[in-house]
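# Structural description and commentary
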Amino acid sequence: MKFGVAVYPGSNCDYDTYYVIRDILKKEVEFVDYRESSIEKFDCIVVPGGFSFGDYLRPGAIASHTPLTNALKEFAEKGKFVIGICNGFQILTEAHLLPGALLPNNHGRFVCKHQYLKVENDKTPFTKRLSKSQVIKLPIAHHDGNYFVDEETLKKMEEKGQIILRYCDKDGNVNENTNPNGSISNIAGVCNEKFNVFGLMPHPERACEPLLGSSDGLNLLLSLIE
């Protein structure tokens, strides 16, 4: 597989993502500038975390109108893979590549910690190395991670298996006390209906080596490669 890592003004997790793909996964990878629109040579584009365009208007709002993001729509339509991490998830919702929106955290504070997550669907290209109801641990770091979608859309997403990860505790309990930001139904990650676009607020690229406290993020990326 050949990966591209999107770079917007204000991206700050692009080098972390690039490092993991190149040095840990040993896969071909290139940075892709936000002004680029020719991305056919890639199999997967990762839209990394950060503060694209300073989070002006809303996180991801300006980035969603760039040539690269516009090209991602056709890219995804062809069945190629897109992963949006944190700010990348926000960009993908603003671009309507994923349903819903990311609102400010319900407590009004930036949250930065390791977070337990429950795998809700292990049949996707991104979770095949995991098992349903498995608990993994990934870092989170965001101010606007409060996922929202209307009740009717949520019901359809549940029925189709588009809810991929939920915030939980170490025992897999999902409730208000294990929700770090107020996300509806404790949602931490979702896919589109074709299961080739995946957005999540946690940072798998920050959890790919035991030295960093967790290597659980590696399984999400290895699932896609395999």
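Attention here is on the structure that accompanies the text. (Residues numbered from 1 in each chain as written. Predicted model: local features only at pLDDT ≥ 70, side-chain atom pairs only at ≥ 80, totals over all residues. Heavy atoms only, no water.)

### A word on the pattern of salt bridges
Summed over all chains, the structure comprises 15 salt bridges. The salt bridge partner of glutamate 120 is arginine 166, with a shortest N-O separation of 3.3 Å. Of this pair, glutamate 120 sits in the loop between β6 (111-119) and β7 (135-142) while arginine 166 sits in strand β9 (residues 163-168), and the two are 46 residues apart along the sequence. With respect to class, glutamate 120 is no different from arginine 166; both count as buried. (Salt bridge = Lys/Arg side-chain N within 4 Å of Asp/Glu carboxyl O. Helix = DSSP H or I, 4+ residues; strand = E, 2+ residues; numbered from the N terminus. Buried < 20%, exposed > 50% of the residue type's maximum accessible area, 1.4 Å probe, protein only.)

### Here's the deal with the side chain of threonine 124
Residue placement: threonine 124 occurs in the loop between β6 and β7. Reaching out from threonine 124, the side chain makes a polar contact with the side chain of threonine 127 at a distance of 2.7 Å. Among all residues touching threonine 124, those that are not within four sequence positions of it are Ile164 and Phe195. (Polar contact = N/O pair within 3.5 Å; in protein donor to acceptor, adjacent residues only side chain to side chain. Contact = heavy atoms within 4.5 Å.)

### Side note on the environment of proline 59
Note on placement: proline 59 falls in the loop between β3 (44-47) and α2 (67-77). A relative accessible area of 12% places proline 59 in the buried class. Along the primary structure proline 59 and proline 104 are separated by 45 residues, whereas in three dimensions their C-alpha atoms are 9.5 Å apart.

### Quick look at the packing of aromatic side chains
Where two aromatic rings form a pair, the distance of their centres and the angle of their planes describe that pair. Under the definition given, this model contains six aromatic pairs. For the ring pair tyrosine 34 and phenylalanine 53, a centre distance of 5.5 Å and an interplane angle of 90° mean the geometry is edge-to-face. Pair noted here: tyrosine 34 is in the loop between β2 (28-33) and β3 and phenylalanine 53 is in the loop between β3 and α2, with a separation of 19 residues, a long-range link. Here the aromatic rings of phenylalanine 81 and phenylalanine 126 are separated by 5.9 Å at their centres, their planes lie at 90°, and the arrangement is edge-to-face. Of the two residues, phenylalanine 81 sits in strand β4 (residues 81-85) while phenylalanine 126 sits in the loop between β6 and β7, which places them 45 residues apart along the sequence. Its relative accessible area of 1% is what places phenylalanine 126 among the buried residues. (Phe/Tyr/Trp six-rings, centres within 6.5 Å; stacked < 30°, edge-to-face > 60°.)

### Re helix α5 (residues 217-225)
When you tally the buried positions in α5, you get seven out of nine residues, the bulk of the element. The complete set of buried residues in α5 reads Gly217, Leu218, Asn219, Leu220, Leu221, Ser223 and Leu224. Those residues of α5 that are buried are in contact with β1 (2-7), α1 (14-24), β3, β4, β7 and β11 (197-200).

### Regarding the environment of glutamate 120
By relative accessible area, glutamate 120 is classed as buried at 18%. Engagement of the side chain of glutamate 120 in a polar contact is seen with the side chain of arginine 166, the distance being 3.3 Å.

So far we have only geometry, and geometry alone does not tell us how the molecule works.
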